[in-house]
Amino acid sequence: MIHPITAEQIDRALDAAFETCFPPAKMRPRRNSTRVKYARCAELGLTKASTARTLGVTRSTVHDAAKRYGLTFKRHQAAPKVQKAAPPKPKVNPFIAKMAEMAAAENAALRRASQ
């Protein structure tokens, strides 16, 4: 299960990444850059809905940002695979089973008699 990521955790991770990746202040993008936040969520494999919950925006806002910035989000969270149980065997009433057996014997006797 993927644990939800808070906006503060994303901000801390972005700050640490900016410190190492963009040392000169002139080359560093804005710390609260929307594009960077959406791109980071997409890299983490979040869906548009989970990104919207994480950043506190609507799903349509995330969709519009993805189109604007050319980002691709995961389509859906994979559901855990559950092994299906074998279907239960039908319960047969012993009286009906005995009647079917008697009918089969009677039909066999009638066929022998007609030949």
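The rules behind each value
- Residues numbered from 1 in each chain as written.
- Predicted model: local features only at pLDDT ≥ 70, side-chain atom pairs only at ≥ 80, totals over all residues.
- Heavy atoms only, no water.
- Axes fitted to C-alpha atoms, helices over the stretch in contact; angles between N-to-C directions.
- Helix = DSSP H or I, 4+ residues; strand = E, 2+ residues; numbered from the N terminus.
- Parallel < 35°, antiparallel > 145°, perpendicular 65-115°, else oblique.
- Contact = heavy atoms within 4.5 Å.
- Nonpolar A, V, L, I, M, F, W, Y, C, P; charged D, E, K, R; others polar.
- Salt bridge = Lys/Arg side-chain N within 4 Å of Asp/Glu carboxyl O.
- Buried < 20%, exposed > 50% of the residue type's maximum accessible area, 1.4 Å probe, protein only.

1. Description of the packing of helix α2 (residues 34–43) against helix α4 (residues 59–69)
It is at 10 Å that the axes of α2 and α4 come closest, and there the two elements cross at 100°. With respect to α4, the axis of α2 lies roughly perpendicular. Only T61, V62, A65 and Y69 of α4 make contact with α2, whose side of the interface consists of T34, R35 and Y38. Taken together, the residues that form the contact of α2 with α4 break down as 4 nonpolar, 2 polar and 1 charged.

2. A word on the pattern of salt bridges
For the structure shown, the criterion picks out 2 salt bridges. Note that E43 and R40 form a salt bridge whose closest N and O atoms lie 3.5 Å from each other. Of the two residues, E43 and R40 are both situated in helix α2; the distance of 3 residues between them amounts to about one turn of the helix. In this structure E43 comes out as exposed when scored by relative accessible area, which is 62%. A residue is classified by how much of its surface remains accessible, and R40, at 30% relative accessible area, is partly exposed. One salt bridge connects E101 with K98, and the closest N-O pair in it is separated by 3.9 Å. Residue E101 and its partner K98 are located together in helix α5 (residues 94–114), separated by 3 residues, close to a single helical turn. With a relative accessible area of 45%, K98 lands in the partly exposed category.

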